[in-house]
Amino acid sequence: MTAQATNQAGSVSLISAALTVQILTTAPVAPVITEHIPWRTNRPTISGTSAPNVWIHISIDQGAGIGSFVTRANSLGKWSY
């Protein structure tokens, strides 16, 4: 992927350095909940493992509206909320 700018006068910049982009077309492996500490404050503590760098959507009640949370796994696939 590259970028190039054009101003109102029509002058065109040099092309930027190329950036390699990887488009993932397969779903990640399902995350695993490895620890759950019940509600002691205003939210539970939940942690687990997953594919690295993915968003984890946690549903407390399988979508019934009681609570859902989002967190992100780190580069090792570890996440917590």
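See the structure above.
My aim in this report is to walk through the structure given alongside it, one point at a time. A quick note: this is a predicted structure, and the numbers were derived from the prediction, not measured. (Residues numbered from 1 in each chain as written. Predicted model: local features only at pLDDT ≥ 70, side-chain atom pairs only at ≥ 80, totals over all residues. Heavy atoms only, no water.)

### Looking at the overall build of the protein chain
Right, so step 1: Across its full length, the protein chain carries 0 helices and 5 strands.
Right, so step 2: Mapped in sequence order, the helices and strands of the protein chain form the string β-β-β-β-β.
Right, so step 3: Expressed as a percentage of its 81 residues, the buried residues of the protein chain come to 19%.
Right, so step 4: Expressed as a percentage of contacts within the protein chain between residues at least 6 apart in sequence, the contacts between residues at least 24 apart total 22%. (Helix = DSSP H or I, 4+ residues; strand = E, 2+ residues; numbered from the N terminus. Buried < 20%, exposed > 50% of the residue type's maximum accessible area, 1.4 Å probe, protein only. Contact = heavy atoms within 4.5 Å.)

### Some points on the side chain of serine 47
Right, so step 1: With respect to the element layout, serine 47 can be found in strand S2 (residues 45-49).
Right, so step 2: Exposure remark for serine 47: the relative accessible area of 13% places this residue in the buried category.
Right, so step 3: With sequence-adjacent residues up to four places away left out, serine 47 is seen in contact with Val32, Ile33, Thr34, Glu35, Trp79 and Ser80.

### Topic: the sheet that holds strand S5 (residues 78-80)
Right, so step 1: Strand order in this open sheet of 3 strands is S1-S2-S5, and the pairing throughout is antiparallel. What marks the edges here is a single partner per strand, and that holds for strand S1 (32-37) and S5. Here the average twist between neighbouring strands, direction ignored, is 15°. (Pairing = 2+ DSSP bridges. Axes fitted to C-alpha atoms, helices over the stretch in contact; angles between N-to-C directions.)

### Describing a nonpolar patch on the surface
Right, so step 1: Side chains of Met1, Leu19, Val21 and Ile23 sit close together on the surface and give an oily, nonpolar patch of about 460 Å² of accessible area.
Right, so step 2: Mapped onto the fold, methionine 1 is located in the segment before S1.
Right, so step 3: On the basis of relative accessibility, which here comes to 62%, the residue methionine 1 falls in the exposed class. (Patch = residues over 30% accessible without salt bridge, like charges linked within 9 Å, V, L, I, M, F, W, Y side chains within 5 Å. Areas by Shrake-Rupley, 256 points an atom, 1.4 Å probe, with all protein chains shown as cover. Salt bridge = Lys/Arg side-chain N within 4 Å of Asp/Glu carboxyl O.)

### Comments concerning the nonpolar core
Right, so step 1: Judged by nonpolar contacts, Ile46, Val54, Ile56, Ile58, Phe69, Ala73 and Trp79 together constitute the single largest core of 7 residues.
Right, so step 2: In this view, isoleucine 56 contacts Pro31, Ser50, Phe69, Val70, Thr71, Ala73 and Trp79; residues no more than four positions away in its chain are not counted. (Core = buried A, V, L, I, M, F, W, Y, C linked by side-chain atoms within 4.5 Å.)

### Examining the environment of tryptophan 79
Right, so step 1: Note that tryptophan 79 resides in strand S5.
Right, so step 2: Assessed through its relative accessible area of 5%, tryptophan 79 is described here as buried.
Right, so step 3: Sequence separation between tryptophan 79 and asparagine 53 is 26 residues; the distance between their C-alpha atoms is 9.3 Å.
Right, so step 4: Only 3.3 Å separates the side chain of tryptophan 79 from the backbone oxygen of threonine 49, close enough to count as a polar contact. (Polar contact = N/O pair within 3.5 Å; in protein donor to acceptor, adjacent residues only side chain to side chain.)

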